[in-house]
Amino acid sequence: LDRGILFVNATDLNQGDIIFAVRVQDGAILWHYQANFSSGLAASNGNVYVGSTDSNGNNAMLVALHETDGKQMWGYPAIPLSMAVAHNIVYVHSAHIPTPADNGGNKEDMSLLALNAEKGTLLWSKQTIDDAPQSLVVDNNLVILATAYKFNTYHFCAYRSDTGVQLWCTQNTPTLIVGNSTSFSVINSILYVTHVNNANPTSTQLVAFNTE
């Protein structure tokens, strides 16, 4: 939701993924965008950002659209798994874009990207190792990413939002809840997340981390 417009990602069995811009005041559909394959959706400051493909439908892209008419501003090669917009920067956790040399491998090699929100130019990029993608949050000049490797080494890492320098990663993070994608919140520099209670695996516990 941004500036009175609600953006909805819907799937049509014949046409694939379609982004609808709906005016909140009366429910009128202002425009729609054929995304083909959509992943990730964020809106901020008059623009909407969504994972799509190029005009040929072959290459994955992060595209930026004008909120008022849905016209594309720019595109950048990426497969967004999660993203957030802050301070005129789009932060994207991108899946690995396969190449012929990969031969079906390297799927856990992902990237954390920072792009200029108006121009789509790359500001910085960091490689991440992840095979269970989670959420991304921007708070107090930190980009906080939840990642997992081999589905059992789970942790949070914080990066400087302006440079991408990694500042810290949690250690010995409690086991995430099996079968659920773990979401978390950051409020006043404290990160809150629910985990399995290691002392009693049939229950859960709320854990708080200081992000400073």
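Provided above is the structure to which this section pertains.
Residues numbered from 1 in each chain as written. Predicted model: local features only at pLDDT ≥ 70, side-chain atom pairs only at ≥ 80, totals over all residues. Heavy atoms only, no water.

> Is there a simple way to explain the state of the cysteines in this structure?
Inspection of every chain in the model, using the stated rule, returns one disulfide. A sulfur-sulfur distance of 1.9 Å marks the disulfide that ties Cys157 to Cys169. Given an S-S torsion of about 110 degrees, the disulfide between Cys157 and Cys169 has right-handed geometry. Here Cys157, found in strand β14 (residues 153–160), pairs with Cys169, found in strand β15 (residues 166–169); they are twelve residues apart in sequence, far enough to count as distant. Judged by its relative accessible area of 4%, Cys157 is buried. The exposure class assigned to Cys169 is partly exposed, which follows from its relative accessible area of 24%. (Disulfide = S-S within 2.5 Å. Helix = DSSP H or I, 4+ residues; strand = E, 2+ residues; numbered from the N terminus. Buried < 20%, exposed > 50% of the residue type's maximum accessible area, 1.4 Å probe, protein only.)

> So what exactly am I meant to see when it comes to the nonpolar core here?
Soluble globular proteins: nonpolar side chains tend toward being buried together. Residues Ile144, Phe156, Phe184, Val186, Leu191, Val193 and Phe209 are the most contacted members of the largest nonpolar core, which totals 14 residues. Contributions of two or more residues to this core are made by β13 (142–149), β14, β17 (190–196) and β18 (204–210). Per element, the largest residue contribution to this core is four residues, and it comes from β13. (Core = buried A, V, L, I, M, F, W, Y, C linked by side-chain atoms within 4.5 Å.)

> Sorry if this is basic, but what is going on with the pairing of strand β6 (residues 60–66) here?
Note on strand geometry: in a regular strand, side chains alternate between the two faces of the sheet. The buried fraction of β6 amounts to six of the seven residues, a majority that puts the element mostly inside the structure. Linking β6 to strand β7 (residues 72–76), which pair antiparallel, is a turn of five residues; within it Gly70 sits at a positive phi near 80 degrees. (Pairing = 2+ DSSP bridges.)

> What am I meant to see in the sheet that holds strand β8 (residues 80–86) here?
Adjacent strands of a sheet form backbone hydrogen bonds with each other and so pair up, either parallel or antiparallel. One open sheet accounts for four strands, arranged β8-β9-β10-β11; its pairing is antiparallel. Sheet topology places β8 and β11 (122–129) at the edges, where each strand pairs with a single neighbour. Direction aside, the axes of adjacent strands within the sheet are offset by 15 degrees on average. In this sheet, β11 lies alongside strand β10 (residues 109–116) in antiparallel orientation, the contact comprising seven bridges. Within β11, the position partnered with Leu112 by the bridge is Lys126. (Axes fitted to C-alpha atoms, helices over the stretch in contact; angles between N-to-C directions.)

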